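Structural overview for review
Here are the chains, one letter per residue:
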Amino acid sequence: AAVASADAAAAFAPRPTPPRPLRAAARPITGVGRLAFAPDGRTLTTLSTLSGGPLAVWDARSGDRVRAADPAALRGLPAALSGDARVAAVLSPNRKAVRVVAADGLGERATFPTAGRDAGPVALSADGAWVAVAEPAAHGRTLVTVGDVRTGAAAGLRVPVPAARAVAVAADGRRVAVGAADGVV
């Protein structure tokens, strides 16, 4: 059996490149809350609540904006981005619904109602097939609703976690993780 030398290992070590700012009409991009590379690594999708449009796709090598979703098409608060950068979840301005849309802003895939009580955080599975939204519920618990984006079906479960700060949903939609303000997952 061959043993790799330290020199061989160094040859395969990642080589960081200097940071390049993303460019959008000579304006800096601010307020970026979510990032995801496309599976091929050629583009980077950003979700922003401020300048540069709420959702934009960038050439990962040059930093140039390839396209941006029309802010009016998203109509809400950007909340989550799928791992494959193809699907975004948007909270309605009144937080009474989560809309799942194509990341290019051209097409709604599903809408899931919430109880409207400070809904969020929101998460999408890596492929965008499942959405999870956490919101405060009675008796110090959190209500987590998991929705199947393909069918529109949703199910809620109450978890004994106060003040959810993060939520994640597995690719099959069968497992959900909730991170609480007290550090418990």
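Every value quoted in this text rests on a predicted model; they were computed, and no experiment measured them.

Turning next to the overall build of the protein chain. The secondary structure content of the protein chain amounts to 2 helices and 14 strands. Looking at the protein chain residue by residue over its 185 residues, the buried ones come to 40%. Partitioning the contacts of the protein chain with sequence separation of at least 6, the portion at a separation of at least 24 is 32%.

All right, on to the sheet that holds strand E11 (residues 142-148) then. What the 4 strands build is an open sheet, ordered E9-E10-E11-E12; its pairing is antiparallel. In this open sheet, the two edge strands, each paired with only one partner strand, are strand E9 (122-124) and strand E12 (154-159). On average, each strand axis in the sheet is inclined to that of its neighbour by 20°, with strand direction left out of account. Examined bridge by bridge, strand E10 (residues 130-136) and E11 share 7 bridges and lie antiparallel to one another. Its bridge partner lying in E11, Glu135 is registered against Leu143.

Turning next to the pairing of strand E13 (residues 164-169). Along any regular strand the residues' side chains alternate between the sheet's two faces. Of the pairings in the sheet, the one linking E13 to strand E14 (residues 176-180) comprises 5 bridges and is antiparallel in character. Within the sheet, the bridge partner assigned to Val167 lies in E14 and is Val178. Here E13 hands over to E14 after 6 residues, with Gly173 in that stretch at a positive phi of 75°.

Counting across every chain of the model gives 2 salt bridges. When the shortest N-O distance is used, the salt bridge between Glu108 and Arg99 registers 2.9 Å. Among the residues examined, Arg99 registers a relative accessible area of 9% and is labelled buried. In this structure, the salt-bridge partner of Arg150 is Asp148, at a minimum N-O distance of 3.6 Å.

Rules used throughout
- Residues numbered from 1 in each chain as written.
- Predicted model: local features only at pLDDT ≥ 70, side-chain atom pairs only at ≥ 80, totals over all residues.
- Heavy atoms only, no water.
- Helix = DSSP H or I, 4+ residues; strand = E, 2+ residues; numbered from the N terminus.
- Buried < 20%, exposed > 50% of the residue type's maximum accessible area, 1.4 Å probe, protein only.
- Contact = heavy atoms within 4.5 Å.
- Pairing = 2+ DSSP bridges.
- Axes fitted to C-alpha atoms, helices over the stretch in contact; angles between N-to-C directions.
- Salt bridge = Lys/Arg side-chain N within 4 Å of Asp/Glu carboxyl O.

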